[in-house]
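The primary structure of each chain is shown beneath.
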Amino acid sequence: MAGFMRRLNERSAHELIGGIKAGEITARQVTEAVFERIQEHDSNINAYITLNEPGALQKADEIDRRIAAGKPLGCLAGIPVALKDLLCTRGLRTTCASRILDTFIPPYDATAVARLRQSDAILIGKLNMDEFAMGSSNENSAYGPARNPHDPERVTGGSSGGSAAAVAAGETVLAIGSDTGGSIRLPASFCGVVGLKPTYGRVSRYGLIAYASSLDQIGPLARNVRDTALLLHVIAGHDPRDSTSADLPVPDYAASLETGVEGLTVGIPGEFFAAGLDPEVREAVMRGVGLLENAGARIQEVSLPVAGHPAYAIASYYIIATGEASSNLARYDGVKYGLRVESDDLIDMYCKTRSRGFGAEVKRRIMLGTYVLSAGYYDAYYLKAQRVRTLIKADFDRAFETCDLLAAPVSPTPAFKIGEKIDDPLQMYLSDIYTVSVNLAGIPGLSLPCGTSSDGLPIGLQLLGRAFEEQTLLRAGYVVEQGQVP
Ligand code: GLN
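Overview of the structure. Just so it is clear, the structure is predicted and the values come from calculations on it, not from any experiment. (Residues numbered from 1 in each chain as written. Predicted model: local features only at pLDDT ≥ 70, side-chain atom pairs only at ≥ 80, totals over all residues. Heavy atoms only, no water.)

## A word on the packing of helix α10 (residues 310–328) against helix α12 (residues 360–373)
Running from amino to carboxyl end, α10 crosses α12 at an angle of 100°, the nearest separation of the two axes being 7 Å. In terms of orientation, α10 lies roughly perpendicular with respect to α12. Contacts between α10 and α12 involve Y318, I319, T322, G323 and S326 on the former and, on the latter, R365, I366, L368, G369, T370, V372 and L373. In terms of residue class, the contact of α10 with α12 is made up of six nonpolar, five polar and one charged. (Axes fitted to C-alpha atoms, helices over the stretch in contact; angles between N-to-C directions. Helix = DSSP H or I, 4+ residues; strand = E, 2+ residues; numbered from the N terminus. Parallel < 35°, antiparallel > 145°, perpendicular 65-115°, else oblique. Contact = heavy atoms within 4.5 Å. Nonpolar A, V, L, I, M, F, W, Y, C, P; charged D, E, K, R; others polar.)

In structure tokens, the structure reads:
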């Protein structure tokens, strides 16, 4: 019953879908509730870069008319979804939180966006993020940091900080993020929501502005596991426009949620619980593992000697990601789109445009990446990092011979203070210690709340699975979620 006391913007997608289809509430009421919440609250949180209010209300009215006329509807009819601002949206500004794309209006939709439109979701707006998805705190945004709804002095985590904050604050019901080295899972854990990085290839990257193409994946964020499953189902699947998208059937993730974990083996990788892990985080994660054990899972220790070693995982990730970024970001030259700083000389125009358009962290990554790919250094850095990547994948393959899933923390600590790590890039990169190896191996990872610190900050549990076994993660996540005291 409590659910019906909550404001519409705070309800779960699956509750709202039933209410809208039954005619108890309208898509317009739900959409208006979300925009009211944004009006009253987003000046504190800064989750949004661009709002789509007229477009959203128009779509809501169209859905309400179709319901009244008894016409068929998509599976997310009337459900508010907000998008990380690196997914191209036709006719709606897409900035990547960068000055260089401040005025960019894409002429086409990303495939994930097109699928959301087909499902009759309501697109609320474009969410704050670290510039070009480079960061772990959302402080690298040209539009200012997003703030953690649990404590506005603290970071949301990054780079999909706006996505996690908007979901946590009731400023949307569902959100889309992207995860190259933890960017869905880290903000989900810092803001106390659920976030899933799908298997590489599960969701089309067409229309996702590229950071590191061999690592980037689009994924869902929501306030509970069932909503996460619903949203993944809509965006997943093969797309001829992305040759790395997998041509495999998409399971009905929500349908298998209540299957439980009886008989599954959950591995605990010792390296993810080593020195540097906050004792409160360890305790909360192990409580989550205890819930899986009580529900019939077998718990087993495993070792990930390469994937779990920061000197290998963080180093190889930051070499591969920056190398790919330096190549992907070469296209922002002032010629084709976005900012152009005029000059009579072409090279000077490139130089001024890029100097003014990119922020400090993006410039650092472009320089690092150009260095590791340059003649004479390629073998020593990039090629070596690719070899380490193969060993990281082999570590996970070995673990999944005996385990069905792995459980670990998402981050060594809960959300840190705004400003705390921004001047120390290496400290910032170390926030990604438990997330980056998952992208290097291409496997899926789910982050979900498993407790609260003594300061009242959310703590996340990370569940990892074999490639294309997202349903196992969601089933296990559902068990943990149900086992928690509300
Ligand atoms: N923090 C990592 C980075 O800065 C991961 C970012 C991401 O997943 N997009 O590269």
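## Some remarks on helix α16 (residues 470–483)
For α16, which comprises 14 residues, the first-to-last C-alpha distance of 20 Å matches the rise-based estimate of 20 Å (1.5 Å per residue) to within 8%. Within α16 the residues assigned to the buried category are E470, T472, L473, L474, R475, A476, G477, Y478, V479 and V480. Looking at the buried positions of α16, the neighbouring elements they touch are β7 (194–197), α8 (225–235), α9 (279–294), β11 (405–409), β12 (445–452) and β13 (458–465). (Expected span 1.5 Å × (residues − 1). Buried < 20%, exposed > 50% of the residue type's maximum accessible area, 1.4 Å probe, protein only.)

## Side note on the site of the ligand
Residues in contact with the ligand amount to 15 residues; listed here are only the nearest, T180, G181, S183, Y211 and Y317. With respect to the ligand, the backbone of A133 contributes an N or O atom lying 2.8 Å from a nitrogen atom. Contact with the protein chains hides 100% of the accessible area of the ligand, taken as 300 Å² for the molecule alone. For the shell around the ligand, the per-class residue count stands at five nonpolar, seven polar and three charged. (Near = heavy atom within 4 Å. Polar contact = N/O pair within 3.5 Å; in protein donor to acceptor, adjacent residues only side chain to side chain. Areas by Shrake-Rupley, 256 points an atom, 1.4 Å probe, with all protein chains shown as cover.)

## Points about the side chain of R66
Along the polypeptide, R66 turns up in helix α4 (residues 53–68). One polar contact links R66 to E62, side chain to side chain, over a distance of 2.8 Å. The residues touching R66, leaving out its near neighbours within four places in the chain, are K71, P72, L73, G74 and D120.

## Overview of the pattern of salt bridges
Once their charged atoms are close, side chains differing in charge can pair, the charge on each being opposite to the other. Under the criterion given, the structure shown has 24 salt bridges. Across the salt bridge formed by E40 and R37, the nearest N and O atoms sit 3.1 Å from each other. Residue E40 and its partner R37 are both found in helix α3 (residues 27–45); the two are separated by three residues, about one turn of the helix. With a relative accessible area of 44%, E40 lands in the partly exposed category. Classification of R37 as buried rests on a relative accessible area of 16%. Residue R466 is joined to E469 by a salt bridge in which the shortest nitrogen-to-oxygen separation is 3.3 Å. By relative accessible area, R466 is classed as partly exposed at 24%. (Salt bridge = Lys/Arg side-chain N within 4 Å of Asp/Glu carboxyl O.)

## Some points on the sheet that holds strand β3 (residues 122–127)
Spatially, the 11 strands line up as an open sheet ordered β1-β3-β2-β6-β8-β7-β12-β13-β11-β9-β10, and their pairing is mixed. At either margin of the open sheet sits one strand with a lone partner, and together these are β1 (48–51) and β10 (298–302). The mean inter-strand angle of the sheet, taken between neighbouring strand axes irrespective of direction, is 30°. Across two bridges, strand β9 (residues 265–269) lies against β11 in parallel orientation. Each residue of the ladder has a partner; that of V266, found in β11, is L405. Running over the sheet, α8 touches β6 (174–179), β7, β8 (217–222) and β12 and is turned about 145° from β8. (Pairing = 2+ DSSP bridges.)

## Regarding a nonpolar patch on the surface
Taken together, the side chains of Y371, Y377 and Y381 define a hydrophobic patch exposed on the protein surface, amounting to about 280 Å² of accessible area. With respect to the helices and strands, Y381 occurs in helix α13 (residues 379–402). (Patch = residues over 30% accessible without salt bridge, like charges linked within 9 Å, V, L, I, M, F, W, Y side chains within 5 Å.)

## Comments concerning the side chain of N52
Positionally, N52 belongs in the loop between β1 and α4. Within the structure, the side chain of N52 is placed 2.8 Å from the backbone oxygen of L123, a separation counted as a polar contact. Every residue in contact with N52, bar those within four places of it in the chain, is listed here: F35, L92, L123, I124 and G125.

## With respect to the pairing of β6
Taking burial as the measure, the six residues of β6 include six buried ones, the bulk of the element. Side-chain alternation along β6 places L174, I176 and S178 on one buried face and A175, G177 and D179 on a second face that is also buried. Both strand β2 (residues 80–84) and β6 contribute to a ladder of three bridges, which runs parallel. The residue bridging L83 from the neighbouring strand is I176, located in β6. Two strands pair when backbone bridges link them, and β6 and β8 are joined in this way by five bridges, in the antiparallel orientation. Residue pairing in the sheet places G177 in a bridge with G219 of β8.

## Considerations on the packing of aromatic side chains
Counted by the stated rule, this structure contains 15 aromatic pairs. Consider the rings of F396 and F400, whose centres lie 6.4 Å apart with planes at 20°: the pair is stacked. Within this pair, F396 and its partner F400 are both found in helix α13, separated by four residues, close to a single helical turn. Residue F396 is classed as buried on the basis of its relative accessible area of 1%. Within the aromatic cluster, the residues linked to one another by ring pairs are F104, F132, Y332, Y337 and F358. (Phe/Tyr/Trp six-rings, centres within 6.5 Å; stacked < 30°, edge-to-face > 60°.)

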